[in-house]
Amino acid sequence: MSTLAINTLTGQTSASSINVRGEGSANTNLQQGLAKAWISMNGTGTIAVRDSFNITSISDEGTGLTNVTIASDMSDGNYSLSGASGTYIANSDNVRLGFSTETTPPTSTLFRTITREANDDTNRDVTYSFAQVFGDLA
Amino acid sequence: MIETPKFKGTHLFARLMWAKENLEPFQSDIRVVYEDGLDDPSKILVPDPNWMACALQGGILPPVESYWELKKDEEQPDFKKHTRGYLLHDTEPVGPMTEEEAIEYLIKKDVPSHIWKTWNDGNKPKMVICRTHQLPSTREWRNAWKINEDIELVA
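Keep in mind that this is a model prediction, so the values were computed, not measured.

A. How the structure looks around the overall build of chain A. For chain A, the count of helices and strands is 0 helices and 10 strands. Each helix and strand of chain A, ordered N terminal to C terminal, gives the series β-β-β-β-β-β-β-β-β-β. Taken over C-alpha atoms, the radius of gyration comes to 18 Å for chain A, far larger than the 14 Å a tight globule of 138 residues would show. Of the contacts formed within chain A by residues at least 6 apart in sequence, a portion of 54% connects residues at least 24 apart.

B. Layout of the overall build of chain B. Tallying secondary structure elements over chain B gives 7 helices and 3 strands in all. When the helices and strands of chain B are placed in sequence order, the string is α-β-β-α-α-α-α-α-β-α. Relative to its 155 residues, chain B shows a buried fraction of 31%. When contacts within chain B are restricted to residue pairs at least 6 apart in sequence, long-range pairs at least 24 apart make up 71% of them.

C. Structural view of the sheet that holds strand 2 (residues 43-47) of chain B. Pairing is antiparallel across the open sheet formed by 7 strands, whose spatial order is 8(A)-9(A)-6(A)-5(A)-2(B)-1(B)-3(B). Taken across any chain shown, the strands that pair with only one partner, and hence form the sheet edges, are strand 8 (95-99) of chain A together with strand 3 (127-131) of chain B. For this sheet, the mean inter-axis angle between neighbouring strands, taken without regard to orientation, is 25°. Relative to the sheet, helix 5 (residues 99-110) of chain B contacts strand 5 (55-62) and strand 6 (65-70) of chain A together with strand 1 (30-34), strand 2 and strand 3 of chain B, its axis offset from that of strand 5 of chain A by approximately 65°.

D. Looking closely at the sheet that holds strand 4 (residues 48-53) of chain A. Residues and elements named next belong to chain A. With antiparallel pairing, the 4 strands of this open sheet are ordered in space as 4-3-10-7. Looking at strand neighbours, the two that pair on one side only are strand 4 and strand 7 (80-86), the edges of this open sheet. Here the average twist between neighbouring strands, direction ignored, is 10°.

E. View of the environment of Arg 131 of chain B. All names here are of chain B. Within the secondary structure, Arg 131 is located in strand 3. Residue classification places Arg 131 among the exposed positions, given that 10 C-beta atoms sit within 10 Å. Taking the C-alpha atoms as reference, Arg 131 lies 8.9 Å from Ser 28; in sequence the two are 103 residues apart. Contacts of Arg 131, omitting those with residues within four sequence positions, involve Asp 29 and Ile 30.

Conventions and cut-offs
- Along each chain, residue indices are assigned from 1 in the same order as the chain's sequence is written.
- All chains are assigned letters beginning at A, and all ligands numbers beginning at 1, according to the order in which they are written.
- Local features in this predicted model are restricted to residues whose pLDDT is 70 or higher, and side-chain atom pairs enter the listing and the counts only when it is 80 or higher, whereas totals over whole chains, interfaces and linings include all residues.
- Each helix is a run of H or I in the DSSP string that is no shorter than four residues. Each strand is a run of E no shorter than two, and both are numbered from the N terminus.
- Radius of gyration here uses only the C-alpha atoms, and the compact-globule reference equals 2.2 Å multiplied by the residue count raised to the power 0.38.
- Note on contacts: residues are paired as contacts if their backbone-placed C-beta atoms lie within 7 Å.
- Exposure classification rests on a simple neighbour count of other C-beta atoms within 10 Å of a residue's own: a residue reaching 20 or more is buried, one at 12 or fewer is exposed, and one in between is partly exposed. C-beta atoms are placed from the backbone.
- Note: two strands are recorded as paired if DSSP finds a minimum of 2 bridges between them.
- Between N-to-C directions, angles cover 0 to 180 degrees, with each direction set by a line fitted to C-alpha atoms, over the stretch in contact for helices.

Keep in mind these values describe shape, not function.
Take a look at the structure:
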């Protein structure tokens, strides 16, 4: 067994692209598989950031609505978002997190999360919400 | 205090990775409350603790004007992808900021410009800077919020 101790990996053909051998003969790509930003938020009371990477601020935009602003911009608004949510509020553990695509579509520097009660589809502030960004940086 | 490497020309993402590794997050209790629409509740801007650490440290963040330039590009009807990302990475980073200066930077970056440029035009202010303890924490209050017309403005 050997250990690779290294500070920077750089592609040889293209500095910004490193292939990783995937299943069978497929090549996957290291850069495309890394999250470019992530955040863990508390949306109840006065909203707060628990921890994050590549975020400048969050903004409480109304019940269940939070704008998240990115520090190192993405190349456009066509990145992929994923997330989850949960809450301690009694009788309200069935919440879900989504992203606004119509009223506040993602831009290279901002996306909006929406948390809703799954039972009656009303917006809900939740104790835990998480989001990750995958895509290309500017 | 740890010294910031010379970051000019280093991708902003890489600088943020260095900051995440080396700086303690700073939980500011300053909040920015602003109104953007007659029928909407007031909005509350909360600074990110890791970003605040970068702002206080200095030598990491690009000038806010770099973000404005990219925003202008993105507002063009034929915008497809950013081609001037180098403005974030190659511009001389700004030096250390006080907490108040960091919030000012954040307002200019993340609050819509039509709010902060005209925050005190009109019959009452559209934006105030306050501390968390001054904010009502319950949603019953917040969804009915408007900035108090008798608020004492802080210069």
